[in-house]
Structures are given as structure tokens and as C-alpha cells.
Amino acid sequence: MQIGVIGLGRMGGNIVRRLTRAGHSCAIFDANPAAGAALAGKGVTVVASVPALVEALGSGPRTVWVMLPAGKITEDTIAELGRLMKAGDVIIDGGNTNFKDDVRRARELAPKGIKYLDIGTSGGVWGLARGYCLMIGGDVETVTRLDPIFAALAPGLGDIERTEGREKLDPRLDPRAERGYIHAGPVGAGHFVKMIHNGIEYGMMQAFAEGFDIMRHRADDKLPADERYDLNLGDIAEVWRRGSVVTSWLLDLTASALAKDAHLESFSGHVEDSGEGRWTIEAAIEEAVPADVLAASLFVRFRSRQQHTFAEKVLSAMRLGFGGHVEAPKK
């Protein structure tokens, strides 16, 4: 299949690479010409503008995947595509957009007959090798037609143990879920599910961070001498990776970071939030659902910008590991 991709950063560039490796062709554009030049090759057409990208995709039906930061740049790009594309064409937002914006955009594009999909995309800088976990929102017909694109980007079954009896438990279960992608529901559902995913991620990261901080302080001279432990956090992270209940990719990243830098001296502990955590708490408030852990983990990130603990350094190390997120420079 042929698809246009706008935004060739950490994830957008690797999405293009993964698609072309699977035999799909891509027309690509980025405001930074060097990003496009780095991807030039078989199956890739590099263009210099959004109108040129739409033209390169031919007469249609055309599909364009927008992979840009949430906010004005994505709004402006989708608005421009809406003016250039025609009935039957598809615009995909694969970034971390608020699901309410998806609902509005789909409503605005509907009179022109342009389809809109929102895709929560998880995988970070590791997506090229591991594949991307995709949570898709939109109409059934369009999602089904573009299945070859999603199947190419998703991880596939891999070596993860299958859930026993899953195919017999409930006929409504989506068989694509085992391969790393689902049609979550109508427009907005994909980004809503990804939003909650990131809110949970905040809570899981915070639990690891606080646990390692407690262990680090067990050697404090204010404690009774026979209750002090000078614990090797790198070894603890490593042993937990092997057979423990808390084994996870986040723990893998923590173990790797501690093996390289036991005191995480290269991190300040300044932890940003990308928006999904806030939106998750807003959704919880709308639904009157208690979200104590998720709310607390978000507030810790706010506090980290004023004072730093070892826990926040652990958070920064994990964020760098899975998403390539670099701490804001010290002021």
C-alpha cells in the first residue's frame, strides 16, 4: 500500500522504515529537510511541502499519517490536509492528541467525506525493532481497509506467551489484539485508550521510582546501625527482572540505567509530563472515578521541577530509555 507520513522525528522516521521494510511505499515530509533526506531510498518519495505530499499520493483514495507533537502544529497540519484532500481520503493522527480534539476534527472533516482515524501509538524509540502497539479509533470500513499498514507496524505474536483459552472465552475479543493492535472503537477511542495507557505508565514508573528511593536511603546514618543496609540497586533491579511479579519493560530500563550509572549522576530528576497524565485525571473527574495513584504520580512530576530526589532520577532514566526523552536543560 501507499501512504504519506508527515513528521519524521523519533517515531515518525522509524514508522517509515518499518513500513518500507514490509513492502509499502511512503511519500514523506518534514519541516527539517535533513530528516527526509535520511530516509531517502527504495519505496520512499521525499517531498518539500504538504501539498506536494498529497499530490505525490496520486488521485486516491489517499492516506496521510500525521506524526507530530500535539497542539498547534498538528492542528494546522490537519487543517491544511483537510483543504487539500477529497472524499474517501483518510487522515490519521498517530501522535498523542486529546481524544476530544479527534471527535471535533472528524466532525469538521465529515462534510467533505474525508475519513479520520486516531491511533494511539506506543513503542517509543524501540518501535522499529519491536513494533508498535496500536490503539485505533475510527469507522470499521476504513480501519479494515488499512489493516495491512497496521499489521506491518504492529509487533505480531512474537515470543509472548499467549493467553490460555482466549479465543474461546468471548467471541467479541479482537484477534488482532494478540498481534499488537486493536480497533478500540469510533473516533477518539484510540487516543482515549492510549491516554489511559500513559496515565497507568505514570503510576507504574512512580512506584518503581519510590521503591528504589526507599532502598537507597536504607543506609542513612539516622537509622539504627543494625538496621542499615547498603543495597546494590543495580543488582536488585536485575534480580527482579528474573521471575519476580514486578518484571516489566520499565524494570528492564531501570536495571540498564543503574548498571551504567549506579547513582544516576547524569540525571537531575527534572521530570516533564507530555499531557496524557493530565487528561487522564480530567477524564477521571468527569466520570467521578477515583484515581489516587495516577493523580499522585502526576503531581510528583510537577514537584520534580522544584526539588529533586533519587526517585525522580529513576523516572528520568526510564523516560530516556523508552522514549528518548531528554531532561530539560538546567536553568
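See the structure printed just above.
Below is a short write-up of the structure. Quick caveat, the model's predicted, so the values are computed rather than measured.

Within this structure, the stated rule accounts for 4 aromatic pairs. Judged by centre distance (5.0 Å) and plane angle (85°), the rings of Phe99 and Phe192 are edge-to-face. Of this pair, Phe99 sits in helix 5 (residues 99-109) while Phe192 sits in helix 10 (residues 189-216), and the two are 93 residues apart along the sequence. Residue classification places Phe192 among the partly exposed residues on the basis of a relative accessible area of 26%. Each ring, one from Phe299 and one from Phe302, has its centre 6.0 Å from the other, and the planes form 40°; the classification is tilted.

For the second largest pocket, the calculated volume is near 240 Å³. Contributing to the lining of the second largest pocket are 16 residues, with Leu231, Asn232, Leu233, Ala262 and His263 lying nearest its centre. Each residue belonging to the lining of the second largest pocket can be placed in one class, and the counts come to 10 nonpolar, 3 polar and 3 charged.

Below, the discussion takes up the environment of Gly203. Among the structural elements, Gly203 can be located in helix 10. Through-space distance from the C-alpha of Gly203 to that of Gly277 is 9.5 Å; in sequence the pair is 74 residues apart. Sequence-distant contacts of Gly203, defined by excluding residues within four places in its chain, comprise Val293, Leu294 and Ser297.

The next thing to look at is the packing of helix 11 (residues 233-240) against helix 12 (residues 249-260). Packing of helix 11 against helix 12 brings their axes to within 8 Å, and their N-to-C directions diverge by 150°. By the angle between their axes, helix 11 is roughly antiparallel relative to helix 12. Remark: the crossing between helix 11 and helix 12 carries left-handed chirality. Residue-level inspection shows Leu233, Gly234, Ala237, Glu238 and Trp240 of helix 11 in contact with helix 12, the latter providing Leu251, Ala255 and Leu258. Of the residues that constitute the contact of helix 11 with helix 12, the class distribution is 6 nonpolar, 1 polar and 1 charged.

Right, let's get into the sheet that holds strand 3 (residues 44-46). The strand order across the open sheet formed by 8 strands is 3-2-1-4-5-6-7-8, and the pairing between neighbours is mixed. Taken across any chain shown, the strands that pair with only one partner, and hence form the sheet edges, are strand 3 and strand 8 (181-185). In this sheet, adjacent strand axes meet at a mean angle of 25° when their direction is disregarded. Bridge count between strand 1 (residues 2-6) and strand 2 (residues 25-29): 5 bridges; the pairing is parallel. Across the sheet, Gly4 pairs through a bridge with Ala27, a residue of strand 2. Packed onto the sheet, helix 1 (residues 12-21) meets strand 1, strand 2, strand 3 and strand 4 (63-66) and runs at close to 160° relative to strand 2. Most of the contacts of helix 10 go to strand 6 (residues 115-122), to which it runs at about 20°, and overall it touches strand 5 (90-93), strand 6, strand 7 (133-137) and strand 8.

Next up on the list: the pattern of salt bridges. This structure, assessed with the given rule, holds 18 salt bridges. Across the pair Asp76 and Lys72 runs a salt bridge whose closest N-O atoms are separated by 2.6 Å. Taken together, the residues Asp76 and Lys72, both in helix 4 (residues 72-84) and 4 residues apart, mark about one turn of the helix. Residue Lys72 is classed as exposed on the basis of its relative accessible area of 64%. With a closest N to O distance of 2.9 Å, Asp174 and Arg176 form a salt bridge.

About the thresholds
Residues numbered from 1 in each chain as written. Predicted model: local features only at pLDDT ≥ 70, side-chain atom pairs only at ≥ 80, totals over all residues. Heavy atoms only, no water. Phe/Tyr/Trp six-rings, centres within 6.5 Å; stacked < 30°, edge-to-face > 60°. Helix = DSSP H or I, 4+ residues; strand = E, 2+ residues; numbered from the N terminus. Buried < 20%, exposed > 50% of the residue type's maximum accessible area, 1.4 Å probe, protein only. 1 Å grid on protein atoms, 1.4 Å probe; cavity = no way out; pocket = protein on both sides within 12 Å on 5 of 7 lines; lining within 4 Å. Points joined across faces, edges and corners; volume = space filled by probe spheres on them. Nonpolar A, V, L, I, M, F, W, Y, C, P; charged D, E, K, R; others polar. Contact = heavy atoms within 4.5 Å. Axes fitted to C-alpha atoms, helices over the stretch in contact; angles between N-to-C directions. Parallel < 35°, antiparallel > 145°, perpendicular 65-115°, else oblique. Left-handed = near helix turned anticlockwise from the far one by under 90°. Pairing = 2+ DSSP bridges. Salt bridge = Lys/Arg side-chain N within 4 Å of Asp/Glu carboxyl O.

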